[in-house]
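# Residue-level structure breakdown
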Amino acid sequence: MCPGDTVYLKSHFLYGEDFQYRKGILVIEEGIIKGFTGEHIRDPIIHRGVVIPPLINAHTHVGDNVIKDIGINKTLDELVKPPHGLKHVLLNACSDEELIEGILDGLEELRNNGITYFCDFREGGLKGINLLREGYRRYNRRFPCPLILGRPTTSNREELKKEIGEILKVADGIGLSGCNEYSDRDLKTIRKLDYKMFSIHANEHRGSIEYSRKTYGMSEIERIVDLKLHPTFIVHATYTTPYERELLREHNIPVVLCPRANASFNVGLPDIHSLMDEGILTGLGTDNFMANSPSILKEMDFIYKLYHIDPKEILRFATINNSRILGLEDIGLIEEGYRGVFTFIRDCPSIRYSKNIVASIITRCEKGEVVIYGGDDDKGSY
Ligand SMILES: [Zn+2]
């Protein structure tokens, strides 16, 4: 499919925000969905299976794919706390080429899992961002397409301003490890510059919340609101009080949940029901490649099994909600006006004879059942 063409795609679709199961021929004109046609089309593109809205992974750290599973039986702080966590020590010992190779494998894994866009917290300042850019350039495919949130490396206030400015020239925004590592003044300095996306891990585990209360007199979420940091979204919120959930709603702060990663790190699980009851926009990510596979399909299955949330709601987390959180305009649903970006599920035993297709997709499908169209030359098409 090339931009500019009219494409006729014949298949079964999960149409609209309610994921209505529809069979038909979808018309995509200049990359935009125009709706179904009742006309006879001679040679439509046929996909045998189900076309679903594009899966999006709203939180990854693809850079640590090269140190997979270093964390078994380690605590979260031992592993990831900057600057002396095992992750940082081991990554510092890797050559650029090793890191890029790891990123290339990570991109392949995202693609095999049907991920179209992913938002990555890229450590290592400007250099870290350039490594991911280089990996994506070599990968030479349009999807998975990275949105990159860079992280400054310096703690000197004057240099911090300069480094943030440099990062913002090449990244889509800033993604901080957490507010515990920064003074109020530094956080305000970082946030003062105007940019598209700003995100931060918050309330990931009891230890980080206790440290924040002890040091700053309030939890991480409370402090983020108090300092008027206005994050585009926060990541984790494994623990939230009713007051914190009220703050998130009042200030329109979405939450990207990573429950499988939380389980991997043994830090507890987020209260998704209460976040939803409060009306907070929630999305899904998979966090560190070193600790968790980037499969949003597995993430959805995990959530269903543990929380028994309506499968349609869970699929919304991974598609339209993630898209809204990341500001991806016109992506995330199969509906008129949206861009023709999809994830394709093959005709397979996991969905055949299903009496609840959305439930079957989110609880049974795995990466082998995602169809990847296009070869090495498919940059700019899908
Ligand atoms: Zn993270």
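- Going by the annotation in an unreviewed UniProt entry, the name recorded for the protein chain is Chlorohydrolase, with Methanothermococcus okinawensis given as the source organism.

## A word on the confidence of the model for the protein chain
- Per-residue confidence for the protein chain averages 94 on the pLDDT scale, and 96% of its residues sit at or above 70.
- Counted against residues more than four places away or in other chains, residues 375-382, with its pLDDT under 50, gives 17 contacts.

## Examining the sheet that holds strand β7 (residues 145-150)
- Overall, parallel pairing links the nine strands, which are arranged β12-β11-β10-β9-β8-β7-β6-β5-β13 in an open sheet. Each edge of the open sheet is held by one strand with a lone partner, namely β12 (282-284) and β13 (287-288).
- As paired strands, strand β8 (residues 173-176) and strand β9 (residues 197-202) are joined by four bridges and run parallel to one another. Directly across from Ile174, in β9, lies its bridge partner Phe198.

## As for the pairing of strand β14 (residues 343-346)
- Bridge analysis of strand β4 (residues 45-52) against β14 gives four bridges, and the strand direction is antiparallel. Bridging across to β14, Gly49 finds its partner in Arg346.
- Across two bridges, β14 lies against strand β15 (residues 370-371) in antiparallel orientation. Bridge pairing in β15 links Phe344 to Val371.

## Here we look at unusual backbone geometry
- Of note, the bond from Phe143 into Pro144 is cis; its omega dihedral lies within 30 degrees of zero at 0 degrees.
- Structurally, Pro144 is set in the loop between α4 (125-139) and β7.
- In this structure, His236 is a non-glycine residue whose phi angle is positive, near 95 degrees.
- Among the secondary structure elements, His236 is positioned in strand β10 (residues 233-236).

## Topic: helix α3 (residues 96-112)
- The end-to-end C-alpha distance of α3 is 24 Å, a good match for the 24 Å that 17 residues give at a rise of 1.5 Å each.
- For α3, every residue scored as buried is listed here: Leu99, Ile100, Gly102, Ile103, Gly106, Leu107 and Leu110. Taken down its axis, α3 places every buried residue within 160 degrees of arc, on the same side.
- In this structure, the buried side of α3 is in contact with β5 (55-61), β6 (115-122) and α4.
- Just downstream of α3, Gly114 is the residue with a positive phi angle, here 75 degrees.

## Here's the deal with the sheet that holds β14
- With mixed pairing, the six strands of this open sheet are ordered in space as β3-β2-β1-β4-β14-β15. Sheet topology places β3 (32-37) and β15 at the edges, where each strand pairs with a single neighbour.
- Bridge count between strand β2 (residues 20-29) and β3: five bridges; the pairing is antiparallel. Looking across to β3, one finds that Glu29 is bridged to Ile32.
- With respect to the sheet, helix α14 (residues 357-364) is in contact with β1 (6-15), β2, β4 and β14, its orientation differing from that of β4 by roughly 80 degrees.

Reading the values: the criteria
- Every chain's residues receive numbers from 1 upward, in the order its sequence appears when written.
- For this predicted model, a pLDDT threshold of at least 70 governs which residues receive local features, and a threshold of 80 or more governs which side-chain atom pairs are given and counted, while totals over whole chains, interfaces and linings are taken from all residues.
- How sure the predictor is of each residue is captured by pLDDT, a score from 0 to 100.
- Throughout, a pair of residues is in contact if the C-beta atoms placed from their backbones lie within 7 Å.
- The rule for pairing is simple: two strands pair if DSSP sees at least two bridges between them.
- In this text, helices come from DSSP runs of H or I with a minimum length of four residues, and strands from runs of E with a minimum of two, each type numbered from the N-terminal end.
- Helix span, as expected, comes to 1.5 Å for every residue beyond the first.
- Counts of 20 or more other C-beta atoms within 10 Å of a residue's own C-beta define buried residues, counts of 12 or fewer define exposed ones, and intermediate counts define partly exposed ones; C-beta atoms are placed from the backbone.
- Directions pointing from the helix axis toward each C-beta atom define the arc.
- The axes are straight lines fitted to the C-alpha atoms, using for helices just the contacting stretch, and the angles between their N-to-C directions are given from 0 to 180°.

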